[in-house]
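What follows is the residue order along each chain.
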Amino acid sequence: IDVSGGVLWLTPDFAGDVGIDLRPGTRPEVDYRVEARLVIGIVEDPTLASAGILLRVGQMMRQENRYYYCALLASGAVSLDLYDNPARTSPVQLASAPIAGTVPGFTFDLYGIALGNRIRCGTTSAVPPVEVSVTDSFYPTGSWGLRALEASATFDSVRVYSPPP
């Protein structure tokens with residue numbers, strides 16, 4: 001997939017922290033899988049630092065965050081959060097699972113899947129592999145994107161499958 005038509009956003013979150021979001025295109029999708037190989041680099045705030053995949057992005061406006069965030073946390077976990085700003089003052093963590101080992105500086109293959117009302121997020125790089133999933137219909141459609149928050153991150157080998165395999 002070509003992400004050259006995407007938009008790079010510098011987006012303050014609820015606490016005023018700055019994240020970098022790449023949201024390629026505005027075409028709403030219903031069912032898809034996004035895969036990315038990522039490395040979290042320099043961590044600004046270890047309690048907030050993360051990088052990952054945005055699913056079902058519903059708003060493309062600055063300071064309005066409406067999406068699911070499939071995140072690899074620098075603190076050592078996979079997390080699936082619901083962002084609904086400005087309606088809510090903080091994200092809602094829907095699911096989370098710890099990852100054994102150190103996250104910053106290591107390469108992880110992360111995936112996010114939106115299929116019907118089921119949202120899944122995980123990594124095949126952890127030993128053992130880690131996945132979290134929820135059933136949620138808050139956002140039934142939306143585009144996808146990438147995000148780094150309070151850390152530098154490198155994304156490589158980004159693939160999008162619609163419908164998911």
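Residues numbered from 1 in each chain as written. Predicted model: local features only at pLDDT ≥ 70, side-chain atom pairs only at ≥ 80, totals over all residues. Heavy atoms only, no water.

Caption draft 1: Seen up close, the overall build of the protein chain. Broken down by element type, the protein chain carries 0 helices and 12 strands. Mapped from its N terminus to its C terminus, the protein chain presents α and β elements in the order β-β-β-β-β-β-β-β-β-β-β-β. Taking all 165 residues of the protein chain together, the buried fraction comes to 46%. Restricting to contacts in the protein chain with at least 6 residues of sequence separation, those with at least 24 account for 62%. Total accessible area on the protein chain stands at roughly 7,600 Å², and carbon and sulfur atoms take up 54% of it. (Helix = DSSP H or I, 4+ residues; strand = E, 2+ residues; numbered from the N terminus. Buried < 20%, exposed > 50% of the residue type's maximum accessible area, 1.4 Å probe, protein only. Contact = heavy atoms within 4.5 Å. Areas by Shrake-Rupley, 256 points an atom, 1.4 Å probe, with all protein chains shown as cover.)

Caption draft 2: Structural context of the packing of aromatic side chains. For the structure shown, the criterion picks out 4 aromatic pairs. Seen in terms of ring centroids, Tyr68 and Tyr139 are 5.6 Å apart; in terms of plane orientation they differ by 80 degrees. Their pairing is edge-to-face. Of this pair, Tyr68 sits in strand E5 (residues 66-73) while Tyr139 sits in the loop between strand E10 (130-135) and strand E11 (143-149); the two residues are 71 residues apart in sequence, bridging distant segments of the chain. For the pair Phe138 and Tyr139, a centre-to-centre distance of 4.9 Å together with 80 degrees between the ring planes defines the contact as edge-to-face. Of the residues examined, Tyr139 reaches a relative accessible area of 9% and is grouped as buried. Each residue in the set Tyr67, Tyr69 and Tyr83 is aromatic and connected to the rest through ring pairs, giving one cluster. Positioned above the aromatic ring of Tyr69 is the side chain of Arg147, whose terminal nitrogen or guanidinium carbon lies 5.6 Å from the ring centre. (Phe/Tyr/Trp six-rings, centres within 6.5 Å; stacked < 30°, edge-to-face > 60°. Lys NZ or Arg CZ within 6 Å of the ring centre and 35° of its normal.)

Caption draft 3: The arrangement of the state of the cysteines in detail. Within this structure, the stated rule accounts for 1 disulfide. One disulfide bridge connects Cys70 with Cys121, the sulfur atoms lying 2.0 Å from each other. Note on the Cys70 and Cys121 pair: the S-S dihedral is about 80 degrees, so by sign convention the disulfide is right-handed. Of this pair, Cys70 sits in strand E5 while Cys121 sits in strand E9 (residues 118-123); the two residues are 51 residues apart in sequence, bridging distant segments of the chain. Taken as a pair, Cys70 and Cys121 share a single burial class, namely buried. (Disulfide = S-S within 2.5 Å.)

Caption draft 4: Fine view of the side chain of Thr123. By the secondary structure assignment, Thr123 is in strand E9. A polar side-chain atom of Thr123 sits 2.8 Å from the main-chain carbonyl oxygen of Asp109. (Polar contact = N/O pair within 3.5 Å; in protein donor to acceptor, adjacent residues only side chain to side chain.)

Caption draft 5: Spotlight on the side chain of Ser79. Relative to the helices and strands, Ser79 resides in strand E6 (residues 77-84). Using a relative accessible area of 0% as the deciding quantity, one classes Ser79 as buried. Within the local environment of Ser79, its side chain forms a polar contact with the side chain of Gln93, the two groups lying 3.0 Å apart. Excluding its chain neighbours within four sequence positions, the residues that come into contact with Ser79 are Tyr69, Cys70, Ala71, Leu73, Gln93, Ala95, Ser96 and Cys121.

Caption draft 6: How the structure looks around the nonpolar core. Ile40, Leu72 and Leu80 are the most contacted members of the largest nonpolar core, which has 32 residues in total. In contact with Leu72, not counting residues within four places along its chain, are Leu38, Ile40, Ala49, Ser50, Ala51, Ala77, Val78, Ile99, Val103, Phe108 and Leu110. Membership of the second largest hydrophobic core comes to 6 residues, among which are Leu54, Val57, Tyr67 and Ala71. (Core = buried A, V, L, I, M, F, W, Y, C linked by side-chain atoms within 4.5 Å.)

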